[in-house]
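Architecture and fold: a report
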Amino acid sequence: MAVGPGRLAGKSRLQAAGSRFLARGPRFLAIGSTFLALGLVPLAPPQAARSETILRVGVLDGSPPCSELRGPGRWEGKAVRLWQFVAARERLAYTLEPYPNAKALLEASRRGAVDLGVGCLTITPERVGTYRFSLPFQESGVALLMGTNRLATLRAVLGGLLDARLLGLLAGYLLAIGVLSLVVWRTEGGYPPGSAMQAGSAARSEAGRAALWPTRDGWRQRALVFQVLATGPGTNTIVATTRGQGLVVLSYLMRIVFGSLIVSTITLDVLRQAPLSDALPETLDDLAGRRVAARPGSVSEKLLRSPPLQGRVTVVPLPQLSDAPALLLNRQVDAVLADEQQLRYVREQLSVRQRSRLQLVLDGQRPESQAFVYSPQLPKATSEGIDRAISEAKRNGQVP
């Protein structure tokens, strides 16, 4: 079939146009892609968090009111609430993992087992060079929780009165006064002239005077001499001779000496028998010789195991701070050393009767800053954002 010249010319024009389109096709494709991308950007959904990384957050358990696990996944405490505020502000995704004590949490952060440690962690000089802390959010010191025993002094006094040394002193004094009474009686010839003793014996019969064994009236007169020499009043009415007056002076000196010995013995026995746990310490150094409970790995335990208390205190491990009242009320420990605000919180949770049996002493000792702890691998941008959020919470009064 023959093809005309006009049809051949049209076909040539179509081929030329197709070649030009193919030559410019990549340019048109790039321009179209750009417009398509610009049109789709506003349609992209916003991110729920700034980073796709989910932070592993370790939380110190058993430290109310800072942080405490109250049930499966139910955390409470001021440090936990602060972290929740920080995470919401910085749009941080995270998971929580409990840690039994501060030492375990600090070590986990240092090893990178967690990205962040949440709790009222004290920034001590020893920890500064080893761990990476956040901006401090509060300051607190340690305090002592001890039992109160109103009957302790009474028990100690009664115990002192029954002490063998005191009973020996009393027996010795009474025996010495008895001997002096007999000597005075012999010296004064029974009834000195003009004395009250002679006036009181006017009714005594001659038969009674001659009896070898004293009559009832004679025993009363001898008892009067003993009483006067032992107690003091009336000593000038029972003697009339110089020798008798000398014996009265001797009895006076004996009262002073024996009285001093008796008082000092009672005092020493009271102090010795009073339980050590009932005596309130004036400084932390006064804890020497006591049984003191503290949480393992805490600042309190570090104080007890450092000079000058090192080796002088029996340190009892305290798994949970809520166990402190039971240990004190059952006399298993003499004191509990822990963070002041935590001890106040634990005491306030008790009944009125139990609360009256416990007291907080030496509060506010050695105050130091408290903060969160970072892992060395935590990105600087993330830690700076957390610090800014903590600073904002403090400025706005949102720190619990």
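Let me sum up the structure you'll find in this document. Throughout, residues of each chain are indexed from 1 in the direction in which the sequence is written. At least 70 in pLDDT is required for a residue's local features to be given in this predicted model, at least 80 for side-chain atom pairs to be given and counted, and no such filter applies to totals for whole chains, interfaces and linings, which use all residues. Excluding hydrogens and water, the side-chain values take into account all heavy atoms of the structure.

Some words on the pattern of salt bridges
This is how the line gets drawn: What makes a salt bridge here is a side-chain nitrogen of Lys or Arg within 4 Å of a carboxyl oxygen of Asp or Glu, nothing more. Throughout this description, buried means an accessible area under 20% of the type-specific maximum (1.4 Å probe, protein chains only), exposed means over 50%, and partly exposed covers the range between.
Per the counting criterion, the structure on display carries 12 salt bridges. Of the charged contacts in the structure, one is a salt bridge between E90 and R89, with a shortest N-O distance of 2.2 Å. A residue is classified by how much of its surface remains accessible, and R89, at 31% relative accessible area, is partly exposed.

A closer look at the packing of aromatic side chains
Quick note on the threshold: Two aromatic rings from Phe, Tyr or Trp, using only the six-membered ring of Trp, form a pair when their centres are within 6.5 Å; if the ring planes differ by under 30 degrees the pair is stacked, by over 60 it is edge-to-face, and anything between is tilted. Helix numbers and strand numbers start at the N terminus; a helix is a DSSP run of H or I with at least 4 residues, a strand a run of E with at least 2.
Summed over the entire model, instances satisfying the criterion amount to 3 aromatic pairs. On the numbers, 5.4 Å between centres and 70° between planes, the contact of W83 with Y94 is edge-to-face. With a gap of 11 residues between them, W83 in helix α2 (residues 78-90) and Y94 in strand β4 (residues 94-99) connect regions that are remote in the sequence. Among the residues examined, W83 registers a relative accessible area of 2% and is labelled buried. Residues F137 and F372 carry aromatic rings whose centres are separated by 5.2 Å and whose planes lie at 55° to one another, so their mutual orientation is tilted. Here F372 lies in strand β11 (residues 358-374) and F137 lies in the loop between β6 (132-133) and β7 (138-147), a separation of 235 residues in the sequence. The exposure classification of F137 matches that of F372, with both residues buried.

Points about the packing of α2 against helix α15 (residues 380-395)
Convention followed: In this description, a line fitted to the C-alpha atoms serves as the axis of each element, helices being fitted only across the stretch in contact, and the angle between N-to-C directions of two axes falls anywhere from 0 to 180 degrees. The labels follow the angle: roughly parallel below 35 degrees, roughly antiparallel above 145, roughly perpendicular from 65 to 115, and oblique for the rest. By definition, any crossing whose near helix is turned counterclockwise from its far helix by less than a right angle is left-handed, and any crossing with a clockwise turn is right-handed. In what follows, a contact means two residues having at least one pair of non-hydrogen atoms within 4.5 Å. For this scheme, ten residues count as nonpolar: Ala, Val, Leu, Ile, Met, Phe, Trp, Tyr, Cys and Pro. Four count as charged, namely Asp, Glu, Lys and Arg, and the remainder, Gly too, count as polar.
Where α2 meets α15, the axes come as close as 9 Å, and the angle between the chain directions of the two elements is 120°. It follows that α2 is oblique to α15 by the angle criterion. Like other packed secondary-structure pairs, α2 and α15 cross with a definite hand, here right-handed. Contacts from L82, W83, F85, V86, R89 and E90 of α2 reach α15 at G385, I386, R388, A389, I390, E392 and A393. Class assignment for the residues of the contact of α2 with α15 results in 8 nonpolar, 1 polar and 4 charged.

Some points on helix α3 (residues 102-111)
Which entries qualify depends on this criterion: As used here, the arc is the angular range of directions from the helix axis to the C-beta atoms.
Considered for burial, the residues of α3 that qualify are A102, L105, L106, A108 and S109. In an axial view of α3, the angular spread of the buried residues amounts to 160°, which keeps them on one side of the axis. Exposed residues pointing more than 90 degrees away from the buried face of α3 are listed as K103 and R111. Residues of α3 that are buried in the fold lie against β1 (55-60), β4, β5 (116-122), α4 (125-128), β6 and β11.

Some words on the state of the cysteines
Keep this limit in mind: Our working definition of a disulfide is a cysteine sulfur pair at a distance within 2.5 Å.
Throughout the structure, instances matching the rule amount to 1 disulfide. Put simply, C66 and C120 are joined by a disulfide, and their sulfur atoms are 2.0 Å apart. Taking the torsion about the sulfur-sulfur bond, which here is approximately -95°, the covalent link between C66 and C120 counts as left-handed. Here C66, found in the loop between β1 and β2 (68-71), pairs with C120, found in strand β5; they are 54 residues apart in sequence, far enough to count as distant.

So, unusual backbone geometry
Residue P64 is joined to P65 through a cis peptide bond whose omega torsion reads 5°. Along the chain, the position of P65 falls in the loop between β1 and β2. With a phi angle near 55°, R91 is a residue other than glycine that sits in the positive phi range. Inspection of the secondary structure puts R91 in the loop between α2 and β4. By relative accessible area, R91 is classed as partly exposed at 40%. One non-glycine residue with positive phi stands out, namely R331, at about 60°. Topologically, R331 is positioned in the loop between α12 (324-329) and β10 (335-339).

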